[in-house]
Amino acid sequence: MGGGADSIGTAGGRPTSRDVARLAGVSHTAVSFVFNGRAEGNLSPATQERIRQAAAQLGYRPDPVARGLRRRRTAVIGLVTDEIASSPFAGRLLRGAMETAWDSDHLVLTMDSGGDPAKEDAAVAELLDRRVDGIIYAAMSLRRVRVPEGLHRTHSVLANCLPEDDSLPAVIPAERAGGRTAARLLLETGHHRLAVVGGQDDIASVERLRGFRDALRAEGVTVPREWVVRTGGEITGGHEGAIRLLDGVEPHRRPTGIFCYNDRVAAGVLHAATRLGIAVPGELSVVGYDDQEHMAAYLTPALTTVALPHRAMGEAAARLLLHAIDTGRTPPATVRRLACPVVSRASVGPAPTR
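Please read all numbers here as calculations on a predicted model, not as lab measurements.

### Quick word on the pairing of strand β8 (residues 194–197)
Looking along a regular strand, one sees the side chains alternate between the two faces of the sheet. Residues of β8 alternate between two faces, with Leu194 and Val196 on one and Ala195 and Val197 on the opposite face, all of them buried. In the sheet, β8 pairs with strand β10 (residues 257–260) via four bridges, with the strands oriented parallel. Among the inter-strand pairings, alanine 195 is bridged to a residue of β10, identified as isoleucine 258. Handedness of the crossover joining β8 and strand β9 (residues 228–229) through helix α8 (residues 203–218): right-handed.

Pasting the structure below:
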């Protein structure tokens, strides 16, 4: 290998840290300091920058296998989930976790159990056999989960679910606060005759309704018992609930705003309103929940909704796990709740005056 800058590099092979050292005019140890996180206090900022520029020019990346052997790590984290293939939100959570891991030079190995407890245990065991640095367990709907066997044998974090035994840290949506946000949006646009459609007795339904009522109570507004219509989480349930609330009811006796359990339910409500000749948002405002990709923005009218922070949950869970890996300390078994922001579109307007 020649001594000129143009000839530095391996012939047809991957550039090495020694190539970077030669191009930057520094020792091999100095290059190691930069890429092992030990440069501060050992090298000047100018030297660090020269090394990084040389690495960029050569297209050098540290060997993750060699680095993992030195640190007794694999630079891989596992992600086990219950129904990744069938959830419209899986991609967001995965992207958040994978990009956060990638920024810290980690890869994510994903395994889908299909919701089968035996497969979950087997997936965790397989990841442990592959010596992953830690594991994220993610559920695609908020619920309490049986902690799969083996998660306590490594650094582990739950995403979008809570452990039945409260033994592991979890990152979940702030569902109750999301319900309050939806109520305030409707109250601020003058609505006081409000109904709730969809949902069942799951954690998300209970928390969203609780938050919704919190905000109404603070303004002296109540939701009549018969205006809380629990019809599940699908389009048909939204349609059925809206028909029960609106069909044949005089305008001054029906709700002017409906808070829906999710965007699919909201789609059913919008369909029912169209069928009944009720204008949205002129006569009826509708708020969804989830901000479901490829759906909420394309309804007629485009749906105002409360967004579930799936990407942010993936990012936060990965950051929490990576911190535990870096420090060697198991994170406390606390619950972190992430904000569910409003995405304003066209389905909410001022309350009709009548």
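### Considerations on unusual backbone geometry
Valine 280 connects to proline 281 through a cis peptide bond whose omega is 10°. Here proline 281 shows up in the loop between α10 (263–276) and β11 (285–290). Across the junction of threonine 300 and proline 301, the peptide omega takes the value -5°, indicating a cis bond. Here proline 301 shows up in the loop between β11 and β12 (304–307). At aspartate 105, a residue that is not glycine, the phi angle is positive and equals roughly 60°. Looking at the secondary structure, you find aspartate 105 in the loop between α5 (90–103) and β2 (107–112). Phi at asparagine 160 is positive, roughly 65°, even though this residue is not glycine. Here asparagine 160 is to be found in the loop between β5 (155–159) and β6 (162–163).

### So, the sheet that holds β10
The strands that make up a sheet are held in pairs by hydrogen bonds between backbone atoms, and each pair lies either parallel or antiparallel. Pairing in this open sheet of six strands is mixed, and the strands run β9-β8-β10-β11-β12-β14 from one edge to the other. Two strands lie at the open edges of the sheet, namely β9 and β14 (342–343), each paired on one side alone. As paired strands, β10 and β11 are joined by three bridges and run parallel to one another. Note that in β11 the partner of isoleucine 258 across the bridge is valine 286. Helix α7 (residues 175–188) contacts β8, β10, β11, β12 and β14 of the sheet and is inclined by roughly 160° relative to β11.

### Regarding the pairing of strand β1 (residues 76–81)
With five of six residues buried, β1 is to be regarded as a mostly interior element. By the bridge criterion, six bridges tie β1 to β2 in an arrangement that is parallel. By the bridge assignment, valine 80 is partnered in β2 with methionine 111. Pairing analysis gives five bridges linking β1 to strand β3 (residues 134–138), with the strands arranged parallel. The residue bridging leucine 79 from the neighbouring strand is isoleucine 136, located in β3.

Procedures and definitions
Residues numbered from 1 in each chain as written. Predicted model: local features only at pLDDT ≥ 70, side-chain atom pairs only at ≥ 80, totals over all residues. Heavy atoms only, no water. Buried < 20%, exposed > 50% of the residue type's maximum accessible area, 1.4 Å probe, protein only. Helix = DSSP H or I, 4+ residues; strand = E, 2+ residues; numbered from the N terminus. Pairing = 2+ DSSP bridges. Right-handed = clockwise from strand over helix to strand, strands pointing away. Contact = heavy atoms within 4.5 Å. Axes fitted to C-alpha atoms, helices over the stretch in contact; angles between N-to-C directions.

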